[in-house]
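# Reading the structure
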Amino acid sequence: MNEKLYKEEFRNILKREYGMSEREAADALNKFFSLVIKALEEERYVKIKGLGIFKLIDVESRKSVDVNTGEGIEIPEHRKISYTVDSSLKELINRPFAHFEVIELKQDSPMEEGMVEVQPTDIVVDDEKVASENLENTEMEDGVEVKEEPVVVEDANGGVKTDIEAEEEISEKNESEDVEQTECEESMDENRPFQPKEQVRRKLIDRRENWREMELEMEKEERSNKMTLLTISLFMFLLMLMGLLFILAPEFLEEIFY
Amino acid sequence: MNNKEFIEAYSRDLGCSTTEASALAERIVSVLTRELQEGNSVCIQDFGTFEVKKKMERISVIPSTQQRILVPPKLVLGFKPSVGLKEKMK
């Protein structure tokens, strides 16, 4: 996993698995990729079965800003290589995630413009940050009621914890979520569009947990498979031993049984 | 250049029959596919890098209907041409 495969190792794999000589493998590899380059130069388009399409596309000149100096510069027109994955390869690559489907989100409240682009990074990764930010915001706004609010939040947390003690993986994530939720309830009266965001967050977290559970289940299955194999082999072994005894020393068995 | 033409040119380069050439090409592609499936990236010098990247799930909106959908996470194959090749093609 997550290793880099260089040409030498590629060559070794070809040698090992197909019984090719060093030279054959090197030749095949080098010529394969240099031919792709050559074909790109000549025809600007190569399609390879099982791999995909390499294409040269024109890029028009455009204006941009130098990141270092801040000056406006013009990027001259040039060509670049575009690569499109073969559909079969695409499916093969995505197979571990193939069971996921697009989910349509239900939505009760009317859409507001600010809500259109909810970024998942905001929702998932920075849960705590968002929560704390929101806390700060409410503190800023309310001013006088600052002292009362934290108490409410703590209560909510405590209640939730006792309710769901059985579940293992409820940690900070959920706590911050609860903080969010309480605030949601508070803010719901004023601005309703906050609710769908909460729903979305719930869904995302739910799905993530499902995923984790599935992995755990798979591990369990593997373990149980191994156990059944072991027991079966043990059973067979015992049977064979009995058979041997029966053949070699029938008198001994008779003594035992009668 | 489609696949057939590519195999023909490949056989000419190698000096062997087209069937042999297509078998060789298939081997290369299958090794590449397997390595990528295992999550390794494949780096070919003077050509570029094939790499599988994980895209996080995200929420997107269908512009015509305003329907919000949750797009699942997925693994995507990307190709990054080497610097030399990029310059050459410019």
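Definitions and limits used
- Residues numbered from 1 in each chain as written.
- Chains lettered and ligands numbered in written order.
- Predicted model: local features only at pLDDT ≥ 70, side-chain atom pairs only at ≥ 80, totals over all residues.
- Helix = DSSP H or I, 4+ residues; strand = E, 2+ residues; numbered from the N terminus.
- Buried ≥ 20, exposed ≤ 12 C-beta atoms within 10 Å, placed from the backbone.
- Contact = placed C-beta atoms within 7 Å.
- Pairing = 2+ DSSP bridges.
- Nonpolar A, V, L, I, M, F, W, Y, C, P; charged D, E, K, R; others polar.

### Remarks on the overall build of chain A
- Secondary structure assignment for chain A yields 9 helices and 7 strands.
- Looking at the 258 residues of chain A, the share that counts as buried comes to 12%.
- Counting only contacts in chain A whose residues sit at least 6 apart along the sequence, the fraction spanning at least 24 positions is 45%.

### Looking at the sheet that holds strand β7 (residues 103–104) of chain A
- An order of β7(A)-β4(B)-β3(B) is seen for the 3 strands of this open sheet, with the pairing classed as antiparallel. Where the open sheet ends on each side, the last strands, each with one partner, are β7 of chain A together with β3 (58–62) of chain B.
- Bridging between β7(A) and strand β4 (residues 67–71) of chain B involves 2 bridges; their strand directions are antiparallel. The residue bridging A:Glu104 from the neighbouring strand is B:Ile69, located in β4(B).

### Some details on the interface of chain B and chain A
- Across the boundary between the two partners, chain B contributes 49 residues, which contact 57 residues of chain A.
- For the side of chain B that touches chain A, the elements supplying multiple residues, two or more each, are α1 (3–14), α2 (18–37), β1 (41–44), β3, β4, β5 (74–81) and α3 (83–89) of chain B.
- Residue contributions to the side of chain B that touches chain A peak at 10 residues, all from α2(B).
- For the side of chain B that touches chain A, the class distribution of residues is 30 nonpolar, 10 polar and 9 charged.

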